[in-house]
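# Summary of structural features
Here are the chains, one letter per residue:
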Amino acid sequence: MKQSLGLVALVVRDYDEAIDFFVGTLGFRLVEDTFVPEQSKRWVVVSPPGAAECQLLLARASSPDQESRIGGQTGGRVFLFLYTDDFWRDYESYRSKGVVFVREPKHEPYGTVAVFLDLYGNMWDLLQPTESHIRLRNGSA
């Protein structure tokens, strides 16, 4: 049996501002943007360049309870882990576009990593994993 995560929902304030950040600033690809009339919402999916499986569903908050979670879905922990094949390329690109890094780059046994904030304040790891970490992740240690 094979299973995989298909989508991770990220609660956002506004579809268009979220698309602008993820596509315009981070360079993600807009996979789908479909209006769902019976629910008066949009189905908006973005994906990092080259990603094959897991994508991000940008889900606009539709209640005060959901609005209260924007930017804090994990209570201040790093929420999402963006793997890259070239840490310094992406780090410098994001910084030049105004992305705020709250933890500077450092080399760890598992790779080179820095923590940045998305437009809502969610914390993300930008991570270029080591070859050994990639093998462990793929189950071929």
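Residues numbered from 1 in each chain as written. Predicted model: local features only at pLDDT ≥ 70, side-chain atom pairs only at ≥ 80, totals over all residues. Heavy atoms only, no water.

Naming follows an unreviewed UniProt entry, where the protein chain appears as Glyoxalase/bleomycin resistance protein/dioxygenase of Methylocaldum marinum.

## A closer look at the pattern of salt bridges
As a working rule, side chains carrying opposite charge can pair if their charged atoms are close by. In total, this model carries 9 salt bridges according to the counting rule given. Note that arginine 89 is salt-bridged to aspartate 85, the shortest N-O span being 2.8 Å. Taking relative accessible area as the criterion, arginine 89 reaches 42% and is therefore assigned partly exposed. By relative accessible area, aspartate 85 is classed as exposed at 60%. Its salt-bridge partner being glutamate 108, residue lysine 106 comes within 3.2 Å of it at the nearest N-O pair. Judged by relative accessible area, which is 25%, glutamate 108 ranks as partly exposed. (Salt bridge = Lys/Arg side-chain N within 4 Å of Asp/Glu carboxyl O. Buried < 20%, exposed > 50% of the residue type's maximum accessible area, 1.4 Å probe, protein only.)

## Quick notes on the domain arrangement of the protein chain
Accessible area lost on assembly of the parts is the figure often given for the size of an interface. What the domain assignment lists for the protein chain is domain 1 (1-70) and domain 2 (73-140). Each of domain 1 and domain 2 has a C-alpha centre, and the two are 19 Å apart. Across the boundary between the two partners, domain 1 contributes 19 residues, which contact 14 residues of domain 2. Of the roughly 1,300 Å² buried between domain 1 and domain 2 on both sides combined, carbon and sulfur atoms contribute 71%. (Domains from an automatic or database assignment. Contact = heavy atoms within 4.5 Å. Buried area = accessible area lost by both parts, 1.4 Å probe.)

## Comments concerning the environment of valine 8
Residue position: valine 8 is located in strand E1 (residues 7-12). Among the residues examined, valine 8 registers a relative accessible area of 21% and is labelled partly exposed. Distance in space between the C-alpha atoms of valine 8 and glutamine 55 is 6.4 Å, their sequence separation being 47 residues. Every residue in contact with valine 8, bar those within four places of it in the chain, is listed here: Cys54, Gln55, Leu56, Leu57, Phe79 and Leu80. (Helix = DSSP H or I, 4+ residues; strand = E, 2+ residues; numbered from the N terminus.)

## With respect to the sheet that holds strand E5 (residues 78-83)
Judged by pairing direction, the sheet is mixed, and its 4 strands sit side by side in the order E5-E8-E7-E6 without closing on themselves. Two strands lie at the open edges of the sheet, namely E5 and strand E6 (101-108), each paired on one side alone. Each strand of the sheet is rotated relative to its neighbour by a mean of 20°, with strand direction disregarded. With 7 bridges joining them, strand E7 (residues 111-117) and strand E8 (residues 123-129) adopt antiparallel strand pairing. Counted as the bridge partner of phenylalanine 116 is tryptophan 124 from E8. The sheet strands contacting helix H3 (residues 87-96) are E5, E6, E7 and E8, and the helix crosses E6 at an angle near 170°. (Pairing = 2+ DSSP bridges. Axes fitted to C-alpha atoms, helices over the stretch in contact; angles between N-to-C directions.)

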